[in-house]
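Architecture and fold: a report
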Amino acid sequence: MKNINPLNTKSWKQLKKHYKIIKNIHLNEMFINDKNRFNNFSLLFENKILVDFSKNRINDITLKLLLKLTKETYLSEAIFDFFNGKKINKTENRAVLHTALRSFNKKPLFYEGKNVYLKIKKVLRKMKIFSKKIIQKKWLGYTNKFITDIVNIGIGGSDLGPNMVIESLKPYNNHLKIHFVSNVDATQVLEVLKKISPDRTIFIICSKTFTTQETIINANSIKKWFLKYTNKKKDFKKHFFAVSTNYVEPLKFGIDIDNIFKFWDWVGGRYSLWSSVGLSIMLLIGYKNFIKFLQGAYSMDLHFLKTPFEKNIPVLLALISIWYNNFFNMETEAILPYDQYMNRFSSYFQQANMESNGKCFDRKGNKVNWQTGPIIWGESGTNSQHSFFQLLHQGTKIVPCDFIAPALSHNPLDSHHNFLLSNFFAQTQSLAFGSNSFYYKNINNINNNCFDKNIIYKTFEGNRPTNSILCKKITPYVLGALICMYEHKIFTQGIILNIYSFDQWGVELGKILANKIFLKLLNKSYVDNFDSSTNGLINIYKKWNFN
Ligand code: F6P
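Residues numbered from 1 in each chain as written. Predicted model: local features only at pLDDT ≥ 70, side-chain atom pairs only at ≥ 80, totals over all residues. Heavy atoms only, no water.

Quick look at a positive patch on the surface
To keep it simple, the criterion reads: Each patch is built from salt-bridge-free residues with over 30% relative accessible area, joining like charges within 9 Å and nonpolar side chains (Val, Leu, Ile, Met, Phe, Trp, Tyr) within 5 Å. Throughout, the Shrake-Rupley method with a 1.4 Å probe supplies accessible areas, and for residues the shown protein chains are the sole cover considered. Criterion for a salt bridge: a side-chain nitrogen of Lys or Arg within 4 Å of a carboxyl oxygen of Asp or Glu. Charge counting follows a simple rule: Lys and Arg are positive, Asp and Glu are negative, and His as well as the terminal groups are ignored. Working definition for charges: the position is that of NZ of Lys, CZ of Arg, CG of Asp or CD of Glu. We count a stretch as a helix when DSSP gives it H or I for four or more residues in a row; a strand needs E for two or more, and each element gets its number in order from the N terminus.
A cluster of basic side chains, namely K106, K121, K122, R125, K128, K132, K138, K288 and K292, defines a positive patch on the protein surface. At the level of secondary structure, the elements contributing two or more residues to the positive patch comprise α7 (116–135) and α13 (279–306). With five residues, α7 is the largest single contributor of residues to the positive patch. With respect to the helices, strands and loops of the structure, K138 is situated in the loop between α7 and β5 (149–153).

Shown next as structure tokens:
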């Protein structure tokens, strides 16, 4: 991967000039001037996902310049290195091969002298056999009853991915009940324990490192609880499992070696749901659906790999995002799924994008003086329309939004879906085109005797950009493709913005400090060795705890 300061590229300089023109053009005008704008600025992925990016503040020249930027930053070469197992995660000296986990390519892929596909297949087979036994009620707990509940203990990528996918694919869930324990706040553990019986539950401790404090503390509390019911080693084996790159720590914890589902350090935590981290997904939707989920992602991988950038969905989405974040100074992006099952989708991509691209040093180690990752947030529609959409429509901040919706609902009921989708279509329309635009343009000249004194408050400026992502139906295949589309958007942004997207050193300092502080909380003694705010907070905390 090259180190190119994007600011020094010709295209960046041209984009800066071009921005000065585009910023004054309203989306209304763009649509009036190009009757074919929808066809010109939308792409269809396999007749399953329609990406309409026409309601963005771009024109042919913008795209031409942004595409030129991909050349000047050597995006194609970086994609090649990524898929071929080059160590593109330089600061951790690792390859980034989550794409191999969902590959159906027949040719071997060698990494450090070994064909990674063979390792992946082996683990997938183990997951298949195990999940079948649980689903078919053949795996029995210590009282010889079949398993009804799964508890996934993990945090970050070891929680958000499985959680989001299982929820998004609820119509495909079987009889098993899933519970997630991620927060070290005991409330979450205790609330889950209230709902389950130890003899009918399996516990999957999901942690890439198996050293993450939250996960290990939660796992130990659950183990302690379980051992109150039975402390026989053979019983423990029936109920406790680990998903990790680490064998040593799970064994120390007491997990039987056969109960460890491995993955590898070339799978980043936030990209791990395709690996054995997806065990709980497979348990809930079954092996066949899990394979379809992988196939959807693989198809999007092929699209990303093989499609010229001018028709490449993840690349175009990334370029548009860079355009807003760096030229318009629009700092945040909202992801708004109009599908109740996808209510965790934006939280998942909050981690994926912000942990990947929330960086301030470039690949040469210099502090960047351009914008890197945007702030990602969102909620499911239509609920969000009745909370924060006011700001999206009339606030002083402009938030580019992705609207996602299925054309076919899993729950067709009377006119619900038509009503939901009318809102989906109407929101992007009103954000783009606004209303009362005459008054908006002449806002300072409005005569005080105007017939409606409140007209200015009812004025919508419009010109607020959105992408509409209309999926035929949210199936395992489509969800796999959709997740992968966003993953490659993040990758593309990272390459062009010249940062390392696959490490996360920024979360380490907090962990180190928490460890130091933890020791200070164990006794009553007064603390004075931190800054005055931290000392003050700790001392009041102790006072309230020890009195
Ligand atoms: O602290 C951040 C992080 O390292 C994430 O990248 C990761 O998904 C999460 O912690 C959990 O890590 P692990 O799977 O090793 O427990």
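What follows continues from the structure just given.
Comments concerning the pattern of salt bridges
Selection criterion: A 1.4 Å probe rolled over the protein chains alone gives each residue an accessible area, and that area as a share of the maximum for its type sets the label: buried under 20%, exposed over 50%, partly exposed in between.
Across all of its chains, the model carries 19 salt bridges by this definition. D81 serves as the salt-bridge partner of K86, at 3.7 Å between the closest nitrogen and oxygen. Between D503 and K359 there is a salt bridge, and its shortest N-O distance comes to 2.9 Å. With D503 in the loop between α19 (476–496) and α20 (508–520) and K359 in the loop between α15 (345–357) and β11 (375–378), this pair connects stretches of sequence that are 144 residues apart. Taking relative accessible area as the criterion, D503 reaches 3% and is therefore assigned buried.

Topic: the side chain of D402
Going by this rule: What qualifies as a polar contact is a pair of N or O atoms within 3.5 Å, subject to a donor-acceptor requirement within protein and to the restriction that residues adjacent in sequence count only when both atoms come from side chains. For this analysis, residues touch if any pair of their heavy atoms sits within 4.5 Å.
Within the secondary structure layout, D402 lies in strand β12 (residues 401–408). For D402, which is buried and forms no salt bridge, the nearest opposite charge comes from K489, at a distance of 4.3 Å. One polar contact links D402 to N467, side chain to side chain, over a distance of 2.9 Å. There is a polar contact of 2.5 Å between the side chain of D402 and the side chain of Y486. Not counting the four nearest positions on each side in its chain, D402 is found in contact with A334, I335, L336, N467, I469, Y486 and K489.

Topic: the pairing of strand β10 (residues 332–337)
Residues in a regular strand point their side chains to alternate faces of the sheet. The condition is simple: The pairing criterion for strands is at least two bridges between them, as found by DSSP. The definition of a right-handed crossover adopted here requires that, viewed with the strands pointing away, the path from the first strand over the helix to the second runs clockwise.
Of all six residues in β10, six are buried; the element is thus mostly enclosed. A two-sided burial pattern is seen for β10, the buried positions comprising T332, A334 and L336 on one face and E333, I335 and P337 on the other. Relative to β11, β10 runs parallel, the two being bridged by four bridges. Counterpart to A334 in the pairing with β11 is W377. Since β10 and β11 lie parallel, the crossover through α15 that links them has a hand, and here it is right-handed. Relative to β12, β10 runs parallel, the two sharing four bridges. Across the sheet, L336 pairs through a bridge with F403, a residue of β12.

A word on a nonpolar patch on the surface
Side chains of Y247, V248, L251 and I257 sit close together on the surface and give an oily, nonpolar patch of about 350 Å² of accessible area. Relative to the helices and strands, L251 is located in helix α12 (residues 248–253).

Digging into the site of the ligand
Selection rule: One heavy atom within 4 Å of a molecule or strand is enough for the residue carrying it to be called near that molecule or strand.
Looking at the ligand, there are 15 residues lining it, with S158, S207, T209, T212 and E355 nearest. Contacts to the ligand include G157, whose backbone N or O atom sits 2.7 Å from an oxygen atom. Between the ligand and E355 there is a distance of 2.7 Å, counted from an oxygen atom to a side-chain nitrogen or oxygen. Here the ligand has 400 Å² of accessible area as a free molecule, and 89% of this is covered by the chains.

Considerations on unusual backbone geometry
Here G381 and T382 are connected by a cis peptide whose omega angle stands at 5°. Positionally, T382 belongs in the loop between β11 and α16 (389–394). With a phi angle near 50°, E46 is a residue other than glycine that sits in the positive phi range. The phi dihedral of D414 falls on the positive side, at around 45°, and the residue is not glycine. For D414, the location among the structural elements is in the loop between β12 and α17 (416–433). Here D414 falls in the exposed class, since its relative accessible area comes to 76%.

Description of the domain arrangement of the protein chain
Quick reminder of the rule: For each domain, the first and last residues come from an automatic or database assignment. Buried area is a sum: the accessible area each of two parts loses on coming together, probed at 1.4 Å, counted once for each and added.
Structurally, the protein chain comprises domain 1 (6–72 + 307–408 + 418–442 + 452–503), domain 2 (99–286) and domain 3 (506–546). Just the C-alpha atoms count here: the centres of domain 1 and domain 2 sit 35 Å apart. Roughly 2,000 Å² is buried in total at the junction of domain 1 and domain 2, and carbon and sulfur atoms are behind 64% of that figure. Looking at the side of domain 1 facing domain 2, the largest losses of area belong to Y341, R344 and Y348, adding up to 33% of the total buried there. For the interface between domain 1 and domain 2, the tally reads two salt bridges. Residue R102 is joined to E487 by a salt bridge in which the shortest nitrogen-to-oxygen separation is 2.8 Å. Seen at the junction of domain 1 and domain 2, the total is ten residue pairs in polar contact (both at pLDDT 80 or more).

Observations concerning the pairing of strand β1 (residues 42–45)
Direction of pairing for β1 relative to strand β2 (residues 49–52): antiparallel, over a ladder of four bridges. Its bridge partner being in β2, L44 is matched across the sheet by L50.

Some words on the environment of P308
Mapped onto the elements, P308 comes out in the loop between α13 and α14 (313–326). Here P308 falls in the partly exposed class, since its relative accessible area comes to 47%. The spacing of P308 and Y348 is 40 residues in sequence and 28 Å in space, taken between C-alpha atoms.

What to know about the nonpolar core
We count it as follows: Throughout, nonpolar core names a set of buried Ala, Val, Leu, Ile, Met, Phe, Trp, Tyr and Cys residues whose side chains join them through atoms within 4.5 Å.
Formed by 120 residues in total, the largest nonpolar core has its most connected members in W266, L283, W323, F345, L482, I483 and F491. If one sorts the elements of this core by residue count, α13 sits on top with 13 residues. Formed jointly, this core draws a minimum of three residues from each of two domains, domain 1 (6–72 + 307–408 + 418–442 + 452–503) and domain 2 (99–286). Core analysis: the next-biggest nonpolar cluster, separate from the first, contains 22 residues, V151, L193, I196 and I260 among them.

Focus on helix α8 (residues 157–168)
Because an α-helix completes one turn every 3.6 residues, residues spaced three or four positions apart along the sequence face the same direction. The cut-off we apply is this: By this rule, a helix spans an expected 1.5 Å times one less than how many residues it contains.
Under the 1.5 Å per step criterion, the end-to-end length of α8 is 16 Å for twelve residues, consistent within 8% with the ideal 16 Å. For α8, every residue scored as buried is listed here: G157, S158, D159, L160, G161, P162, N163, M164, V165, I166 and S168. On its buried face, α8 is in contact with β5, β6 (177–181), β7 (201–206), α13, α15 and α19.

Looking at the sheet that holds β1
To keep it simple, the criterion reads: In this analysis, axes come from line fits to C-alpha atoms, helices being fitted only over the stretch in contact, and the angle between any two N-to-C directions falls in the range 0 to 180 degrees.
In spatial order, the strands read β1-β2-β13-β12-β10-β11; together these six strands make up an open sheet with mixed pairing. Two strands bound the open sheet, and with one partner strand each, they are β1 and β11. Across this sheet, the average inter-strand angle for adjacent strands is 15°, counted without regard to direction. Pairing of β2 with strand β13 (residues 466–473) involves four bridges; the strand directions are antiparallel. In the strand pairing of β13, L50 is matched with L470. The strands touched by α14 are β1, β2, β10 and β13; relative to β1, the strand with the most contacts, the crossing angle is about 145°.

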